[in-house]
Amino acid sequence: MNETMVCAVGRVATQPVYREMASGPSARFRLAVTARYWDREKNMWTDGHTNFFTVWANRQLATNTAASLTVGEPVIVQGRLKVRTDVREGQSWTSADIDAVAIGHDLAWGTSAFRRGGKPDTAPAPTQSEPNWETPQEDSPDQAGASAQQPPEAAVLT
């Protein structure tokens with residue numbers, strides 16, 4: 001209930017690792033988040049400290065993450081922050097994980113083409129076919145002749 005939700009903007013630091021688990025698909029990758037600040041003495045932007053997070057994605061988000069992300073791409077991750085402390089070989093280790101709810105490309109750095117993921121066809125087939133909105137209606141002979149002579153316009157997506 002009282003979870004810490006964060007939004008981290010950074011770059012993919014490791015190639016996403018995809019696994020099929022008993023509970024469903026899972027993917028993880030490391031996210032590098034570097035603070036930048038204006039250095040008045042140098043009169044330029046300077047990189048600050050870099051924080052690394054392990055981002056975990058589950059179910060359909062895991063499948064889409066593995067298919068969409070590569071190392072170096074700018075991304076925005078929203079999810080639940082989980083900080084863990086562990087003792088390994090006598091040393092204390094602290095790690096910060098993000099259990100992702102949403103992951104997307106940061107469009108401030110470039111463009112992205114969204115494609116809806118395919119779902120298995122579990123719904124019954126419709127009994128009545130949908131109308132074809134691409135086919136012109138032939139109300140009068142004049143309209144039918146004019147539309148048959150003109151080639152269809154190409155749609156351009158950018």
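Right, let's walk through the structure included here. Everything numeric in this text was worked out from a predicted model, so none of it was measured.

## A closer look at unusual backbone geometry
Located in the positive-phi region is asparagine 43, a residue other than glycine, with phi close to 60 degrees. Inspection of the secondary structure assignment puts asparagine 43 in the loop between strand E3 (24–39) and strand E4 (44–58). Despite not being glycine, arginine 59 has its phi angle at roughly 55 degrees, a positive value. Positionally, arginine 59 belongs in helix H1 (residues 59–68).

## Considering the packing of aromatic side chains
Overall, the coordinates contain 1 aromatic pair when judged by the stated rule. Considering the side-chain rings of tryptophan 38 and tryptophan 45, the 5.6 Å spacing of their centres and the 75 degrees angle between planes classify their relative orientation as edge-to-face.

## Regarding the environment of histidine 49
With respect to the helices, strands and loops of the structure, histidine 49 is situated in strand E4. Spatially, the C-alpha atoms of histidine 49 and alanine 35 are 5.9 Å apart, while their sequence positions differ by 14 residues. Excluding residues within four positions of it along the chain, histidine 49 makes contact with Val33, Thr34 and Ala35. Looking at histidine 49, its side chain comes within polar contact range of the side chain of asparagine 51, at 3.4 Å.

## Digging into a nonpolar patch on the surface
On the surface, a cluster of nonpolar side chains totalling about 350 Å² of accessible area is made up of Trp38, Met44 and Trp45. With respect to the helices and strands, the residue tryptophan 45 is situated in strand E4.

## What to know about the layout of surface pockets
Space inside the second largest pocket adds up to approximately 280 Å³. Taken together, Val9, Gly10, Arg11, Ala32, Val33, Thr34, Arg36, Asp47, Pro74, Asp106 and Trp109 make up the full set of residues lining the second largest pocket. Residue assignment for the lining of the second largest pocket shows that the elements contributing at least two residues are strand E1 (5–12) and E3. Looking at the lining of the second largest pocket, its residues break down into 5 nonpolar, 2 polar and 4 charged.

## Focus on the pattern of salt bridges
Per the counting criterion, the structure on display carries 5 salt bridges. With a shortest N-O distance of 3.7 Å, arginine 80 and glutamate 3 are connected by a salt bridge. Remark: glutamate 3 occurs in the segment before E1 and arginine 80 occurs in strand E5 (residues 74–88); sequence separation between them is 77 residues. According to the relative accessible area criterion, arginine 80 is partly exposed, its value standing at 23%. As a salt-bridge pair, arginine 88 and aspartate 86 come within 3.2 Å of each other at their nearest N and O atoms. Where salt bridges share partners, they join Glu3, Arg80 and Asp99 into one cluster.

Thresholds applied
Residues numbered from 1 in each chain as written. Predicted model: local features only at pLDDT ≥ 70, side-chain atom pairs only at ≥ 80, totals over all residues. Heavy atoms only, no water. Helix = DSSP H or I, 4+ residues; strand = E, 2+ residues; numbered from the N terminus. Phe/Tyr/Trp six-rings, centres within 6.5 Å; stacked < 30°, edge-to-face > 60°. Contact = heavy atoms within 4.5 Å. Polar contact = N/O pair within 3.5 Å; in protein donor to acceptor, adjacent residues only side chain to side chain. Patch = residues over 30% accessible without salt bridge, like charges linked within 9 Å, V, L, I, M, F, W, Y side chains within 5 Å. Areas by Shrake-Rupley, 256 points an atom, 1.4 Å probe, with all protein chains shown as cover. Salt bridge = Lys/Arg side-chain N within 4 Å of Asp/Glu carboxyl O. 1 Å grid on protein atoms, 1.4 Å probe; cavity = no way out; pocket = protein on both sides within 12 Å on 5 of 7 lines; lining within 4 Å. Points joined across faces, edges and corners; volume = space filled by probe spheres on them. Nonpolar A, V, L, I, M, F, W, Y, C, P; charged D, E, K, R; others polar. Buried < 20%, exposed > 50% of the residue type's maximum accessible area, 1.4 Å probe, protein only.

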